[in-house]
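# Coordinate inspection notes
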Amino acid sequence: MERTFAIAKPDAVRRGLTGDILKRVEASGLSVVAMRKLHLSRADAEKFYDVHKARPFFSGLCEYMTSGPVVVMVLQGENAITRWRGLMGATDPKKADPGTIRRDYGIDVEQNATHGSDAPETAAQEIAFFFASRELLG
Ligand code: DAT
Ligand code: MG
């Protein structure tokens, strides 16, 4: 069993897509072991995306991620990290496979509907950034 961290980003929450995203998660057999709706502060967005701080899109990314509420989730299942990234599709919605969340709902490479951890280490860090261990279902 593996855990990953997922976000329904502001563009998705704003357009009422949280339910559809959850439906896809549940239909895939992944289980939601924690979930919360919140509005990121600028400081939290900058900390969360610290790995990208030297990239030209960093400031715009943080602006966008603080533009409205998000839904943060911890997903669990066999190979959860890879499976959730597969459901999301490529970062750029134009390059994402048909039937993926980003292809179906992403607006552009920035407003791409969802986030997913890319490795076990980042999953553990990102989960701990948003959730206390007592908030995760056993
Ligand atoms: P992913 O979210 O697929 O893991 P990433 O870690 O490379 O992609 O980038 C994090 C986020 O930064 C991504 O979801 C959207 C934004 N981003 C990435 N590349 C971008 C670009 N060229 N222009 C604008 N935003 C970008
Ligand atoms: Mg990433």
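Relevant structure appears above.
Residues numbered from 1 in each chain as written. Chains lettered and ligands numbered in written order. Predicted model: local features only at pLDDT ≥ 70, side-chain atom pairs only at ≥ 80, totals over all residues. Heavy atoms only, no water.

## A short note on helix α7 (residues 120-130)
Note the cut-off: Think of it in three bands: residues with accessible area under 20% of the maximum for their type are buried, residues over 50% are exposed, and the middle band is partly exposed, with areas taken using a 1.4 Å probe on protein chains only. Secondary structure counts use DSSP, requiring at least four H or I residues in a row for a helix and at least two E residues in a row for a strand, with both numbered from the N terminus. Directions drawn from the helix axis to the C-beta atoms are what define this arc. Note on definitions: a residue-residue contact is assigned when non-hydrogen atoms from the two residues lie within 4.5 Å.
Listing the buried residues of α7 in full gives Ala123, Glu126, Ile127 and Phe130. Down the axis, α7 shows its buried residues gathered within 100° of arc, on one side only. Across α7 from its buried face, at more than 90 degrees, point the exposed residues Glu121, Gln125 and Ala128. Turning to α7, the residues buried within the fold contact β1 (2-8), β2 (31-38), α3 (42-48), β3 (70-77), α5 (80-88) and β4 (114-116).

## Notes on unusual backbone geometry
The backbone of Asn79 sits at a positive phi, close to 50°, despite the residue not being glycine. Checked against the element boundaries, Asn79 lands in the loop between β3 and α5. Phi at Ala113 is positive, roughly 75°, even though this residue is not glycine. With respect to the element layout, Ala113 can be found in the loop between α6 (101-105) and β4.

## Considering helix α4 (residues 58-65)
Since one α-helical turn is 3.6 residues long, residues separated by three or four positions face the same way. Taken residue by residue, α4 has Phe58, Leu61, Cys62, Tyr64 and Met65 as its buried positions. Take α4 and look down its axis: the buried residues cluster within an arc of 160°, on one side only. Against β1, α1 (10-14), α3 and β3 lie the buried residues of α4.

## Observations concerning the site of ligand 1
The line we're drawing: Any residue with a heavy atom positioned within 4 Å of a molecule or strand is treated as near that molecule or strand. Within 3.5 Å is the distance limit for a polar contact, defined as a pair of N or O atoms, with the added protein rule that one can donate a hydrogen and the other accept it, and that residues adjacent in sequence qualify only through two side-chain atoms. Throughout, the Shrake-Rupley method with a 1.4 Å probe supplies accessible areas, and for residues the shown protein chains are the sole cover considered. Each residue receives one of three labels: charged for Asp, Glu, Lys and Arg, nonpolar for Ala, Val, Leu, Ile, Met, Phe, Trp, Tyr, Cys and Pro, and polar for the others, Gly being one of them.
With respect to spatial proximity, the complete set of residues near ligand 1 consists of Lys9, Tyr49, His52, Phe57, Leu61, Arg85, Thr91, Arg102, Val109, Glu110 and Asn112. A distance of 3.0 Å is found between an oxygen atom of ligand 1 and a side-chain nitrogen or oxygen belonging to Lys9. Between an oxygen atom of ligand 1 and a side-chain N or O atom of Asn112, the distance comes to 2.9 Å. About the coverage of ligand 1: the protein hides 77% of its 520 Å² of free accessible area. Tallied by class, residues from the shell around ligand 1 come to four nonpolar, three polar and four charged.

## Focus on the nonpolar core
Stated formally: We call a set of buried Ala, Val, Leu, Ile, Met, Phe, Trp, Tyr and Cys residues a nonpolar core when their side-chain atoms join them within 4.5 Å.
Among the nonpolar cores identified, the biggest contains 21 residues, and Phe5, Ile7, Met65, Val72, Val74, Phe130 and Phe131 are the most heavily contacted of them. Residue assignment for this core shows that the elements contributing at least two residues are β1, β2, α3, α4, β3 and α7. The element contributing the most residues to this core is α4, with five residues. Not counting chain neighbours up to four residues away, the residues in contact with Val72 comprise Phe5, Ala6, Ile7, Ala34, Met35, Arg36, Leu38, Phe130 and Phe131. By size, the runner-up hydrophobic cluster in this structure holds 18 residues, among which are Ala6, Leu75, Ala80 and Ala113.

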